[in-house]
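Commentary on secondary and tertiary structure
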Amino acid sequence: ETVPHPSVHMALESDGREEIVGVMDRRFTTVIEGRGRVVGTKFRPGAFRAFVKEPVSSFTNRRPPVGDVLGARARGLGARVLEIEDDLQGIRIIEAFLRSLRPRVDESMTLTARIAGRIAEERAITRVDQIVSEFGIPLRSLQRTFSEYVGVSPKWIIQRYRLMEAAERMAERYDTLIVDEG
C-alpha cells in the first residue's frame, strides 16, 4: 500500500505491463511478486498535461496502457528500455521518446506547477484560501485549473503533502528511537 503523490507516473515493467498511472486519490494496493524490473517516470504535478489533449483528471484513479495514452509509437517502449542493463541509457531512451512527443507547455501549466511546488515546500499552507490569497486566483478558477492539469483538487494536494510530512516526521522519530535504544 502506498500514499500516492499528486503526480502521474509512467510504469514500464519487465512482465510487459506499460501503464500510465494517474493520480490515485485514495489508498491502493499493488502486489509485487517474483523477480523483475520496473522503470518509472514521475511527472511533476501539472506536467503530464503537456503530453495529452484531455484533462489530467480523466486519468485519476486509472492505469491505462501507455500506448493508448501516448500513441502507437509508445507501444513496446518498456521492452526497448528494459532490454538495456544500463539504467542511465534507459532513462535517455525515455527522455528522447517524451521529447519526440513535443510537449505543449502553457502559462496555466507553469502556474499550476508553481502553486503545487509552493504547497509542497511550505508547511504552513493548510487551507486553499491561503493559495487563493497568495496567488490572487479566484477559488473556482484554481479548482478548474487543478482538475485540468493535476487531476485532483488543490485541497487534496494540501492534505496529501501535510500527510506525507507527518509520516516523515513519525519515521524520523522512530529512527531516532531505534538509534537511541541501540
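Refer to the preceding data block for the structure.
Definitions and cut-offs
Residues numbered from 1 in each chain as written. Predicted model: local features only at pLDDT ≥ 70, side-chain atom pairs only at ≥ 80, totals over all residues. Heavy atoms only, no water. Axes fitted to C-alpha atoms, helices over the stretch in contact; angles between N-to-C directions. Helix = DSSP H or I, 4+ residues; strand = E, 2+ residues; numbered from the N terminus. Parallel < 35°, antiparallel > 145°, perpendicular 65-115°, else oblique. Contact = heavy atoms within 4.5 Å. Nonpolar A, V, L, I, M, F, W, Y, C, P; charged D, E, K, R; others polar. Polar contact = N/O pair within 3.5 Å; in protein donor to acceptor, adjacent residues only side chain to side chain. Core = buried A, V, L, I, M, F, W, Y, C linked by side-chain atoms within 4.5 Å. Buried < 20%, exposed > 50% of the residue type's maximum accessible area, 1.4 Å probe, protein only. Pairing = 2+ DSSP bridges. Phe/Tyr/Trp six-rings, centres within 6.5 Å; stacked < 30°, edge-to-face > 60°. Salt bridge = Lys/Arg side-chain N within 4 Å of Asp/Glu carboxyl O.

A short note on the packing of helix α4 (residues 107-121) against helix α6 (residues 139-149)
Contact pair α4 / α6: the axes reach a minimum separation of 10 Å and the direction vectors enclose 100°. It follows from the interaxial angle that α4 and α6 lie roughly perpendicular. Residues Ser108, Met109, Thr112, Ile115 and Ala116 of α4 form the contact with α6, whose participating residues are Leu142, Thr145, Phe146 and Tyr149. The class makeup of the residues in the contact of α4 with α6 is 6 nonpolar, 3 polar and no charged.

Side note on the side chain of Glu19
Within the secondary structure, Glu19 sits in strand β2 (residues 18-21). One polar contact links Glu19 to Arg63, side chain to side chain, over a distance of 2.9 Å. Beyond its immediate chain neighbours, meaning those up to four positions away, Glu19 contacts His9, Met10, Ala11, Glu13, Arg63, Pro64, Pro65 and Val66.

A look at the nonpolar core
Ranked by size, the top nonpolar core spans 41 residues in total, and within it Met10, Phe48 and Leu70 carry the most contacts. Those elements that place two or more of their residues in this core are β1 (9-13), α1 (66-70), α2 (77-82), α3 (87-100), α4, α5 (128-135), α6 and α7 (154-181). No other element matches α7, which puts 5 residues into this core. Setting aside anything within four residues of it in sequence, one finds Leu70 in contact with Met10, Ile20, Phe48, Phe51, Val52, Phe97, Leu98 and Leu101.

Notes on the sheet that holds β1
Strand order across the open sheet formed by 3 strands is β2-β1-β3, with antiparallel pairing between neighbours. The open sheet is flanked by β2 and β3 (38-42), the only strands paired with a single partner. Strand after strand, the sheet turns through a mean of 15° between neighbouring axes, direction not considered. Two elements, β1 and β3, share 5 bridges in a ladder whose sense is antiparallel. The residue bridging His9 from the neighbouring strand is Lys42, located in β3.

So, the packing of aromatic side chains
What the rule picks out here adds up to 4 aromatic pairs. Relative to Phe51, the ring of Phe43 lies with its centre 5.5 Å away and its plane at 65°, an arrangement referred to as edge-to-face. Pair check on accessibility: Phe43 and Phe51 agree, each one buried. Their ring planes at 35° and their centres at 6.4 Å tell us that Phe48 and Phe51 sit as a pair that is tilted. Using a relative accessible area of 1% as the deciding quantity, one classes Phe48 as buried. Among the residues examined, Phe51 registers a relative accessible area of 16% and is labelled buried. These aromatic residues form a ring-pair network of at least three members: Phe43, Phe48, Phe51 and Phe59.

Quick word on the pattern of salt bridges
Applying the stated rule across the entire model yields 12 salt bridges. With a shortest N-O distance of 2.6 Å, Arg118 and Glu134 are connected by a salt bridge. Highlighted residues: Arg118 in helix α4 and Glu134 in helix α5, separated in sequence by 16 residues. What makes Glu134 partly exposed here is its relative accessible area of 41%.

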